There are 2 protein chains.
Amino acid sequence: MLVKLSVEEFSRVLGSNSPAPGGGSVAALSGALGADLVSMVCSLTIGEKGYESFHIELAEALKKAQTLSKSLLKRVDLDAEVFNGVMAAFKMAKETEEDKKSRKEAIQKGFKEAVQSPLGIARECLDVLRLAGKLLGKSNSNALSDLGVASQQAYAGLEGATMNVKINISSIKDEDFISETSSEISILLEEGSRVKNDIYKYVSENIG
Amino acid sequence: MLVKLSVEEFSRVLGSNSPAPGGGSVAALSGALGADLVSMVCSLTIGEKGYESFHIELAEALKKAQTLSKSLLKRVDLDAEVFNGVMAAFKMAKETEEDKKSRKEAIQKGFKEAVQSPLGIARECLDVLRLAGKLLGKSNSNALSDLGVASQQAYAGLEGATMNVKINISSIKDEDFISETSSEISILLEEGSRVKNDIYKYVSENIG
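Residues numbered from 1 in each chain as written. Chains lettered and ligands numbered in written order. Predicted model: local features only at pLDDT ≥ 70, side-chain atom pairs only at ≥ 80, totals over all residues. Heavy atoms only, no water.

**With respect to the relation of the copies chain A and chain B**
Superposition of the two copies of the chain requires a rotation about an axis and a shift along the axis. With an axial shift of 0.0 Å and an RMSD of 0.0 Å, the rotation relating chain A to chain B amounts to 180°. Between the two chains, the operation in question is that of a two-fold axis. Looking at the rotation axis and the C-alpha trace of chain A, the residue lying nearest is A:Ser6, at 1.9 Å. The share of interface residues of chain A whose copies in chain B are also at the interface is 100%, consistent with both copies meeting through the same surface. (Least-squares fit on C-alpha atoms with pLDDT ≥ 70 in both. Contact = heavy atoms within 4.5 Å.)

**Thoughts on the packing of helix H3 (residues 55-90) of chain B against helix H4 (residues 97-134) of chain B**
Residues and elements named next belong to chain B. The N-to-C vectors of H3 and H4 enclose an angle of 160°; their axes lie 9 Å apart at closest approach. As the angle between them shows, H3 and H4 are arranged roughly antiparallel. The hand of the H3/H4 crossing is left-handed. Among the residues forming the contact of H3 with H4, the class breakdown is 17 nonpolar, four polar and nine charged. (Axes fitted to C-alpha atoms, helices over the stretch in contact; angles between N-to-C directions. Helix = DSSP H or I, 4+ residues; strand = E, 2+ residues; numbered from the N terminus. Parallel < 35°, antiparallel > 145°, perpendicular 65-115°, else oblique. Left-handed = near helix turned anticlockwise from the far one by under 90°. Nonpolar A, V, L, I, M, F, W, Y, C, P; charged D, E, K, R; others polar.)

**Looking at the pattern of salt bridges**
Residue and element names in this part refer to chain A. All told, the structure shown has 26 salt bridges over all chains when counted by the stated rule. Between Glu-57 and Lys-138 there is a salt bridge, with its nearest N and O atoms 2.8 Å apart. In this pair, Glu-57 is assigned in helix H3 (residues 55-90) and Lys-138 in the loop between helix H4 (97-134) and helix H5 (144-169), connecting sequence segments 81 residues apart. For Arg-123, the salt bridge goes to Glu-184, with nearest N and O atoms at 2.6 Å. With Arg-123 in helix H4 and Glu-184 in helix H6 (residues 175-206), this residue pair connects regions lying 61 residues apart in the sequence. Judged by relative accessible area, which is 24%, Glu-184 ranks as partly exposed. One salt-bridge network, held together by shared partners, links Asp-127, Arg-130 and Glu-191. (Salt bridge = Lys/Arg side-chain N within 4 Å of Asp/Glu carboxyl O. Buried < 20%, exposed > 50% of the residue type's maximum accessible area, 1.4 Å probe, protein only.)

Here it is as structure tokens:
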């Protein structure tokens, strides 16, 4: 499992000439790091004077952030596996007509999974952004830059995941699937960009 | 050392109620992941047909990306140590006038280091972005989304690092230091944003 590697080792494997893990796994990890920073900000606020009225909300946000981090870390490995699945389909026999048909179907199935995986990452990165957005004005002001970094990591994960959706969708023949997915990623990116900008504005105005 | 932890463990420690590691270390890690994706893209292009004329340039970019990744990974740990240095200065004795003076000086020294650390991260994240920008049109088109993700990670690292500069600069009294640093981060952000947008545009137009 990739997440069992040391950070240093993960970095080395990522930089190697193997296509997996690649951008999809990095997008998932980026979202997880964003979720962890949200957890940290919640933990550094719960029990602090002046924030008493937000404690229940913060405890809920902490729980959600921890769940999102775990799920996104799983996706670091899942995305690399999905990519290997596509590669395996390409290596299938193509001698007989039946071979060719099975191979073609397996490739299409592989690409759909290779779209679903980063789509799931994008959705959860947006969830992390929404969580971070809800903490504005309700969390420890000493950790305001951490909330900013959380939103940047989650947004980079969201944008990166949508690029992985786009590159894989170009190999899919199912028009309905393409149109539904394309419209979903536009919506995700639009909301994500709005929330990220709101957080950036708040943090910039209130930092220090 | 933080980078010796497994990815999963790093995520857990980050999400805990300890302020270090925090956003600064995450910004450095984000930049390192961007550099690793640049390395991967170079490795997936060197030796590929159609890209022969770029091989020398790609080999140089690969070397630079590997150096940047190593340096940024070191900064993951350094940034956490610098933060602990500031905390240690705050805990110094403040009984006598001399105590108070020493403590004040140590705090100012600590904050200056806490500015230099993310400033170094921001500079290297911009170097990663510049490297990624130079690969447009010269690298394996199957790895175009990875080049996009590389730029997003490096930009998130750059933006995140500058937030850490800003939060720590607010505690510094040296006006010249403040003005020089503020002007440098504006320049870094401006160029970074431009390069990131150029990459996003190119990737979006050429993906698939």
